[in-house]
Amino acid sequence: MASPAPAALPEGASIYVKVVQGKDLRNHLGKEPTVSMLLRVSVAGQAQTEVCNSAPVPAGNSPKWNQEFKLPVPDATKSQLEVTLWDESDPAPEKYSHFLGEVLLNLAKLAPYKGHYIEQVFHIKQGKTIPTAEQATGSLTLGLRLDIPDEAAAPTPAAAATTPPAAAPTPPAAVPSPVAAAPAPAAAAPPSPPAPAAAPAQSPPAPSITSPKSGLAAWQASAAGQASAKAKAMVSRDIEGEKKAEEEAALRVSQEAEMKAAESKAKAEELARQEVEAITMQAEHDAQAKMLHERESAQPQQQAKDDEEARRVHAAEQQRIEALHADAVKAAQDKAAEEARATSEALHAAKAHAEREAAQSSTLAAAEKAMSAASPTGAATPALAAARVVIAVIEAQGVPGMDGLVAKVAVEGRADTSAAQTRVAKGAEEPFWNEKFVFGVAAGDVDSTAIAADVFTAEGAPVAGIRRVPVRTLLQGQRMSLPTVNQGKDIFCVDAWFDLVAPADTTAPADGANMASAKTPGRPQMHLRMTYIPAAGDSALSPRSAPRVLAHQTTALREKTPIGHLGGPADVGIMLGPHAQDPNAAAVHALAPGGPAEAAGTVRVGDTLLDVDGYDVSGPPIG
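Residues numbered from 1 in each chain as written. Predicted model: local features only at pLDDT ≥ 70, side-chain atom pairs only at ≥ 80, totals over all residues. Heavy atoms only, no water.

> Please clarify how the overall build of the protein chain should be interpreted in this entry.
The secondary structure content of the protein chain amounts to 6 helices and 24 strands. The proportion of buried residues among the 623 residues of the protein chain is 32%. Taking contacts inside the protein chain between residues at least 6 apart in sequence as the whole, the part at least 24 apart equals 67%. A total accessible area of about 37300 Å² is found for the protein chain, and carbon and sulfur atoms account for 58% of it. (Helix = DSSP H or I, 4+ residues; strand = E, 2+ residues; numbered from the N terminus. Buried < 20%, exposed > 50% of the residue type's maximum accessible area, 1.4 Å probe, protein only. Contact = heavy atoms within 4.5 Å. Areas by Shrake-Rupley, 256 points an atom, 1.4 Å probe, with all protein chains shown as cover.)

See below:
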């Protein structure tokens with residue numbers, strides 16, 4: 001006889017779900033998803049109206065919720081729990097494009113464990129009704145408990161009539177499993193009687209000597225009592241054997257009943273599972289048919305949408321091409337304007353340089369003429385008139401928030417108070433000029449003149465400047481001599497970073513606290529290289545003995561100068577010596593490895609030295 005179908009759960013039953021965590025969920029749109037869940041119960045393929053939503057967990061393939069939900073269950077034998085996962089970070093989802101997978105659970109499987117909390121890991125499946133470009137992956141950990149009200153615990157009369165009788169309790173573990181055989185017949189031979197027992201504890205009284213007849217009777221009575229006791233013992237053992245055989249038979253019957261009840265229950269559960277699966281498959285088939293019908297109905301609308309989208313994309317592409325063309329035209333115009341501006345600035349700079357050269361030549365000529373007129377003999381003294389201060393304006397740093405700056409330098413205290421101006425340098429806070437200027441200074445004005453260097457805007461507004469550097473200070477700088485400069489006599493050089501101060505504070509003289517040999521980060525400074533070339537006849541600045549830097553001395557200089565700083569006092573990494581083909585010229589014999597000249601790549605071994613700080617050295621011989 002087939003097992004009866006399980007009875008439907010009464011109204012008021014519910015499923016408690018605890019969503020613990022997910023693991024190894026797939027990416028969506030090339031990134032980790034923000035996962036939320038939708039929970040509902042469906043009965044015979046029909047979704048119930050009550051739905052639960054979890055909170056979204058941002059950016060993670062293994063989100064954790066630990067949220068609890070409770071849903072009503074009308075009929076556990078025909079119900080299933082549906083848990084679907086979605087990516088909430090998709091800005092424009094289309095139908096099911098942000099679907100990440102689902103977990104389906106037949107609630108009939110929880111009926112035997114009602115009231116008990118069970119936590120289990122479920123594999124996330126793609127599902128049959130929701131197609132996506134990428135397949136679902138990962139797992140989901142759920143805690144489940146099927147709750148049934150207490151008043152529904154007693155079975156209804158109809159259910160009691162169809163419920164099989166309860167199986168006998170399982171025997172203790174010490175009892176061996178029953179053997180499937182009929183019980184032993186009652187006529188089986190009883191157990192063999194034991195060996196004759198020893199004499200009873202109370203021996204019969206000995207026959208009286210004085211009465212032989214009474215003693216025999218007493219002995220016979222004693223023997224009869226012993227025989228009766230043995231017979232009773234044998235009957236008792238037979239009764240116990242029969243009782244034990246009956247108990248074993250009853251145990252076997254009970255175990256067989258339990259096995260049959262378990263088989264009936266398993267068959268009933270299998271039938272219920274097959275029925276639920278059939279209902280689920282039918283529901284899925286109906287859903288697929290409905291989706292196919294909707295898709296076929298929506299094809300004309302979708303085609304219209306596709307055409308509209310194609311027109312929109314074409315228009316956007318046309319706008320993009322037009323914008324690119326406009327940008328290209330504007331870039332060409334800007335480039336042409338920039339080139340015109342650069343050409344204008346170059347012409348302006350060349351003109352200004354020519355004017356400065358003319359002014360400097362005029363200044364030197366005027367100084368030489370004045371010195372010649374002051375001479376007692378009236379003879380010209382070009383050596384004294386030709387004392388020069390060469391100022392190289394390199395760069396500045398920390399100039400606050402301005403772009404388009406110029407530097408003006410001058411030697412104050414001379415009869416000619418004109419100043420020289422650099423070109424306009426682009427680059428806010430760190431303008432770079434790298435221009436040099438030559439000023440004529442009479443030998444008698446060394447103690448009364450000072451070097452000024454100030455920074456202005458392109459419109460002429462003062463920005464900052466250095467404290468005035470007395471020309472006499474240059475004589476305390478680095479003393480050097482080159483064969484092709486000043487006829488081998490000493491020249492003096494100060495290469496330093498000077499602090500920039502407010503325009504009102506530049507009149508004070510500079511001291512050692514206002515200058516540094518290297519750039520100080522975060523400090524407003526101006527880099528100047530100032531060289532004093534004394535007049536050849538200045539007796540106070542007589543040349544030192546053998547000041548030449550010749551080819552045979554380069555080895556000694558390398559040994560004394562650390563790597564990276566070869567090349568002499570100017571620290572440009574160039575070693576000079578006699579020219580191999582022109583005895584009246586100097587040539588580059590070596591470049592210091594890693595030095596500035598080698599890094600720039602514009603100077604090569606064998607190049608001819610033509611100019612040093614604005615002084616033409618191409619003619620005088622070496623040595």
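> Explain the confidence of the model for the protein chain to me, please; I cannot follow it from the model alone.
Low pLDDT marks stretches whose predicted atomic positions should not be read closely. A residue-level look at the protein chain finds 71% of positions with pLDDT of 70 or above and a mean pLDDT of 76. Across residues 152–213 the pLDDT falls below 50, and counting only partners more than four positions away or on other chains, this stretch makes 32 contacts in the model. Here residues 370–385 is modelled with pLDDT under 50, and outside its nearest four sequence neighbours on either side it reaches 21 contacts, counting other chains as well. (pLDDT = per-residue confidence, 0-100.)

> Teacher, can you tell me more about the sheet that holds strand β5 (residues 79–87) here?
Strands pair in a sheet through their backbones, by hydrogen bonds, and they do so in one of two ways: parallel or antiparallel. Across the sheet, which stays open at both edges, the 4 strands sit in the order β3-β2-β5-β6 with antiparallel pairing between neighbours. The sheet terminates laterally at β3 (46–53) and β6 (99–106), the two strands that pair on one side only. Neighbour to neighbour, the strand axes of the sheet diverge by 20° on average, direction disregarded. (Pairing = 2+ DSSP bridges. Axes fitted to C-alpha atoms, helices over the stretch in contact; angles between N-to-C directions.)

> Help me understand the sheet that holds strand β22 (residues 608–609) in this model?
Ordered by their spatial adjacency, 3 strands build an open sheet running β20-β21-β22, and the pairing between neighbours is antiparallel. If you trace the sheet from one side to the other, it starts and ends with β20 (574–578) and β22, each paired once. Where β20 and strand β21 (residues 586–591) come together, 5 bridges link them in antiparallel fashion. Bridge pairing in β21 links Pro 578 to Ala 586.

> Where do I start with unusual backbone geometry in this structure?
In this structure, Leu 29 takes a positive phi of about 60° despite not being glycine. Position of Leu 29 among the secondary structure elements: in the loop between β1 (14–23) and β2 (35–43). In this structure, Asn 434 is a non-glycine residue whose phi angle is positive, near 55°.

> Before we go on, may I ask you to explain the nonpolar core in this structure?
The nonpolar side chains of soluble globular proteins are, as a tendency, buried together. Val 389, Ile 391, Val 393, Trp 433, Met 526, Met 530 and Tyr 532 are the most contacted members of the largest nonpolar core, which totals 37 residues. Of all the secondary structure elements, the ones that give two or more residues to this core are β9 (388–397), β10 (405–412), β12 (432–440), β13 (450–457), β14 (462–465), α4 (471–474), β17 (491–499) and β19 (525–533). When neighbours within four sequence positions are excluded, Ile 391 is seen to be in contact with Val 409, Val 411, Glu 435, Lys 436, Phe 437, Phe 439, Ile 451, Arg 529 and Met 530. (Core = buried A, V, L, I, M, F, W, Y, C linked by side-chain atoms within 4.5 Å.)

> What is the right way to read the side chain of Asp 499 from this model?
With respect to the helices and strands, the residue Asp 499 is situated in strand β17. Asp 499 sits in the buried class, given a relative accessible area of 10%. A polar contact of 2.7 Å, which involves the side chain of Asp 499, links it to the side chain of Arg 523. (Polar contact = N/O pair within 3.5 Å; in protein donor to acceptor, adjacent residues only side chain to side chain.)

> Explain a negative patch on the surface here, please?
A contiguous patch of negative charge, built from Glu 242, Glu 246, Glu 247 and Glu 248, is present on the exposed surface. Tracing the sequence through the fold places Glu 248 in helix α2 (residues 212–374). With a relative accessible area of 40%, Glu 248 lands in the partly exposed category. (Patch = residues over 30% accessible without salt bridge, like charges linked within 9 Å, V, L, I, M, F, W, Y side chains within 5 Å. Salt bridge = Lys/Arg side-chain N within 4 Å of Asp/Glu carboxyl O. Lys, Arg positive; Asp, Glu negative; His and termini not counted. Charge placed at Lys NZ, Arg CZ, Asp CG, Glu CD.)

> Would you take a moment to explain the pairing of β9 for this structure?
The two faces of a sheet get side chains in turn, since along a regular strand they alternate between them. Of all 10 residues that make up β9, 9 are buried, and the element is covered over most of its length. Pairing analysis gives 7 bridges linking β9 to β12, with the strands arranged antiparallel. From the neighbouring strand, Val 393 faces β12, where its bridge partner is Glu 435. Sheet topology places β9 next to β19; 9 bridges connect them, and they run antiparallel. In the sheet register, Val 389 faces β19, and the bridge partner there is Tyr 532.

> Help me understand the packing of aromatic side chains, please; the structure alone is not making it clear to me.
Where two aromatic rings form a pair, the distance of their centres and the angle of their planes describe that pair. With the rule as written, the count across this model stands at 3 aromatic pairs. With centroids separated by 6.3 Å and ring planes inclined at 55°, the aromatic side chains of Tyr 16 and Tyr 117 adopt a geometry described as tilted. Highlighted residues: Tyr 16 in strand β1 and Tyr 117 in the loop between β6 and β7 (118–123), separated in sequence by 101 residues. With a relative accessible area of 14%, Tyr 16 lands in the buried category. On the accessibility criterion, Tyr 117 (36% relative accessible area) is partly exposed. Between the aromatic rings of Trp 86 and Tyr 96, the centroid separation amounts to 6.5 Å while the plane-to-plane angle is 40°, which identifies the pairing as tilted. Here Tyr 96 lies in the loop between β5 and β6 and Trp 86 lies in strand β5, a separation of 10 residues in the sequence. Its end group placed over the ring of Tyr 16, Arg 145 keeps NZ or CZ at 4.5 Å from the ring centre. (Phe/Tyr/Trp six-rings, centres within 6.5 Å; stacked < 30°, edge-to-face > 60°. Lys NZ or Arg CZ within 6 Å of the ring centre and 35° of its normal.)

> Even after reading the chapter, I still don't get the pattern of salt bridges, so can you show me in this structure?
Where side chains of opposite charge bring their charged atoms close, a pairing between them can arise. Summed over the entire model, instances satisfying the criterion amount to 17 salt bridges. A cluster of three or more residues bridged by salt bridges with shared partners is formed by Glu 270, Arg 273 and Glu 277.

> Explain the side chain of Gln 80 here, please?
The topology assignment puts Gln 80 in strand β5. Polar side-chain contacts of Gln 80 include one of 3.3 Å to the side chain of Glu 82. Not counting the four nearest positions on each side in its chain, Gln 80 is found in contact with Arg 40, Val 41, Ser 42, Leu 104, Leu 105, Asn 106, Leu 107 and Thr 280.

> Honestly, the pairing of strand β8 (residues 139–147) in this entry has me stumped. Any pointers?
Of all 9 residues that make up β8, 8 are buried, and the element is covered over most of its length. Two strands pair when backbone bridges link them, and β1 and β8 are joined in this way by 9 bridges, in the antiparallel orientation. The residue of β8 that forms the bridge with Lys 23 is Ser 139.

> I would appreciate a short explanation of the environment of Leu 110 in the present structure.
Checked against the element boundaries, Leu 110 lands in the loop between β6 and β7. Between the C-alpha atom of Leu 110 and that of Leu 146, which follows or precedes it by 36 residues, the distance is 6.4 Å. Apart from the residues within four sequence positions on either side, Leu 110 is in contact with Ile 15, Leu 105, Ile 118, Leu 144 and Leu 146.

> Mind showing me how you'd approach the environment of Thr 84 here?
Note that Thr 84 resides in strand β5. Thr 84 gets classed as buried once you look at its relative accessible area, which sits at 11%. Counting along the chain gives 16 residues from Thr 84 to Leu 100, while the straight-line C-alpha distance between them is 7.6 Å. A distance of 2.9 Å separates polar atoms of two side chains, one belonging to Thr 84 and the other to Trp 86.

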